[in-house]
Structures are given as structure tokens and as C-alpha cells.
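# Understanding the architecture of this molecule
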Amino acid sequence: LIVIQEHVPWHCERYRKFFNPKYVFMMRDPRAAIAGSWRRNGMANTSKKVNAYQYDHTMLYWQYSNSFVNKYSLIDKNLIYILKNEDIHKDHLYEMKNLSKWLNVAFSETMMVQTFHGKKWGGESAYIEEDEKFNCSQEEFYNKDAIEKRWRNEISRDGIITIEVIFD
């Protein structure tokens with residue numbers, strides 16, 4: 001089983017050839033994910049703007065994920081499980097129970113606790129610095145309206161339309 005976030009689908013085809021795995025794709029609203037990526041990349045540049053390479057990289061990897069999922073979902077509907085970030089925040093218990101069914105494993109309460117290498121973890125976001133803490137509860141931070149407000153503040157109307165047209 002390989003768990004992949006939509007923006008880093010590196011080597012999916014190679015894994016398929018070598019291991020014949022199943023995949024869990026962690027997906028987000030592309031507007032939110034791409035805006036966050038451009039924000040983080042831009043902050044790393046002296047210009048404070050995303051450059052052409054970073055723009056292309058982001059868009060092409062998202063398109064690759066989309067193509068990979070579409071291609072292999074047609075071959076075997078049980079090969080890929082899409083786990084939507086927004087749905088997890090909306091109803092974590094429901095999503096984890098569905099995932100455990102798909103994985104054919106017993107649901108465990110440990111699926112309800114965020115950990116990183118076995119230690120409790122508070123999560124991360126392109127909208128906070130790595131050494132910072134969330135300035136509000138995660139429930140507030142990941143509220144659908146709060147998320148939309150953040151990504152709308154990061155990308156132009158034309159950028160939003162571009163993402164919506166490309167990723168439908």
C-alpha cells in the first residue's frame with residue numbers, strides 16, 4: 001500500500017511495475033492545495049513570487065495525479081482509494097471507518113489520533129511557519145470557510161479560474 005499526497009505522486013508508475021501496490025491518494029481541493037504550494041514556494045524565493053518552474057511543477061504533478069488516478073481506476077476500481085482532506089476534517093470517524101473497510105483491516109481508535117513517527121502531531125500548513133503553532137483550534141483552522149478565505153487571499157481571480165478549468 002502506498003499513500004500519496006496529490007502534489008507528490010512521484011514514481012507511481014514505477015511502483016506499479018515493481019510492487020503492484022494499491023494506492024491511497026490524499027486529495028485536497030486543488031485551489032487550496034495549489035495556493036498553499038505557491039505561497040510556500042514564493043516565500044522561499046527572493047522575489048517572493050512563484051517562478052515559472054515552480055508553477056509548472058505544481059500544475060504538472062497535479063495533472064499527473066489526475067491522469068494516474070483516472071487511468072488505473074478504469075483498470076481496477078479497488079486499486080485506488082481517494083481520501084479527501086476536506087471530508088476527513090468534516091467527519092474523521094466516518095472517513096477512517098470507510099478507509100479501514102477498503103484496507104480490509106479492523107477499525108482502531110488509533111486511526112483517530114494524529115501522529116508522526118509514533119508521536120502526537122499537531123499537523124502542518126503552508127499558512128504557518130514550521131516552528132509555529134496553530135493560532136486557533138484545528139477545528140477552526142480547517143473549517144471550510146477559513147480554508148477558502150486563505151486560498152482566495154493567495155491567488156488571483158485569473159489563477160482561480162485557471163485551476164478550476166484545468167482540474168474541473
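Scroll up for the structure.
Here is a short report on the structure shown in this document. Worth saying up front: this structure is predicted, and the values here are computed from it rather than measured. (Residues numbered from 1 in each chain as written. Predicted model: local features only at pLDDT ≥ 70, side-chain atom pairs only at ≥ 80, totals over all residues. Heavy atoms only, no water.)

## So, the overall build of the protein
If you tally the helices and strands in the protein, you get 8 helices and 5 strands. On C-alpha atoms alone, the protein measures out to a radius of gyration of 17 Å, which is about the 15 Å that the 2.2 N^0.38 rule sets for 168 residues. Over its C-alpha atoms, taken along the principal directions, the protein stretches across nearly 45 × 35 × 25 Å. Going through the 168 residues of the protein one by one, you find that 33% of them count as buried. Sequence separation of at least 24 residues holds for 52% of the intrachain contacts in the protein that already meet a minimum separation of 6. (Helix = DSSP H or I, 4+ residues; strand = E, 2+ residues; numbered from the N terminus. Rg over C-alpha atoms; globule rule 2.2 N^0.38 Å. Buried < 20%, exposed > 50% of the residue type's maximum accessible area, 1.4 Å probe, protein only. Contact = heavy atoms within 4.5 Å.)

## Concerning the packing of aromatic side chains
Tallying each qualifying case throughout the model produces 12 aromatic pairs. Centroid distance Tyr 23 to Phe 68: 5.0 Å. Interplanar angle 80°. Geometry classified as edge-to-face. One end of the pair, Tyr 23, is in strand E2 (residues 23–27); the other, Phe 68, is in helix H3 (residues 52–75), and 45 residues separate them in sequence. Here Tyr 23 matches Phe 68 in class, with each residue buried. Linked through ring pairs, Tyr 23, Phe 25, Tyr 64, Phe 68 and Tyr 72 together constitute an aromatic cluster. Above the ring of Trp 102, the side-chain terminus of Lys 22 is found at 5.0 Å from the ring centroid. Positioned over the ring face of Phe 141 is Arg 150, at 3.8 Å from the centre of the ring. (Phe/Tyr/Trp six-rings, centres within 6.5 Å; stacked < 30°, edge-to-face > 60°. Lys NZ or Arg CZ within 6 Å of the ring centre and 35° of its normal.)

## Observations regarding the layout of surface pockets
The computed volume of the second largest pocket comes to approximately 390 Å³. Lining the second largest pocket we find 18 residues, and of these Met 27, Arg 28, Pro 30, Trp 62 and Phe 167 sit closest to its centre. Secondary-structure elements contributing two or more residues to the lining of the second largest pocket are helix H2 (30–44), H3, strand E3 (80–84), helix H4 (85–90) and helix H8 (157–167). In terms of residue count, the dominant contributor to the lining of the second largest pocket is H3 (5 residues). Residue composition of the lining of the second largest pocket, by class: 7 nonpolar, 3 polar and 8 charged. (1 Å grid on protein atoms, 1.4 Å probe; cavity = no way out; pocket = protein on both sides within 12 Å on 5 of 7 lines; lining within 4 Å. Points joined across faces, edges and corners; volume = space filled by probe spheres on them. Nonpolar A, V, L, I, M, F, W, Y, C, P; charged D, E, K, R; others polar.)

## Here we look at the sheet that holds strand E1 (residues 2–5)
Overall, parallel pairing links the 3 strands, which are arranged E1-E2-E3 in an open sheet. Taken across any chain shown, the strands that pair with only one partner, and hence form the sheet edges, are E1 and E3. Going across the sheet, the axis of each strand differs from the next one's by a mean of 20°, ignoring polarity. For E2 and E3, the ladder comprises 5 bridges, and the chain directions are parallel. Among the inter-strand pairings, Tyr 23 is bridged to a residue of E3, identified as Ile 80. (Pairing = 2+ DSSP bridges. Axes fitted to C-alpha atoms, helices over the stretch in contact; angles between N-to-C directions.)

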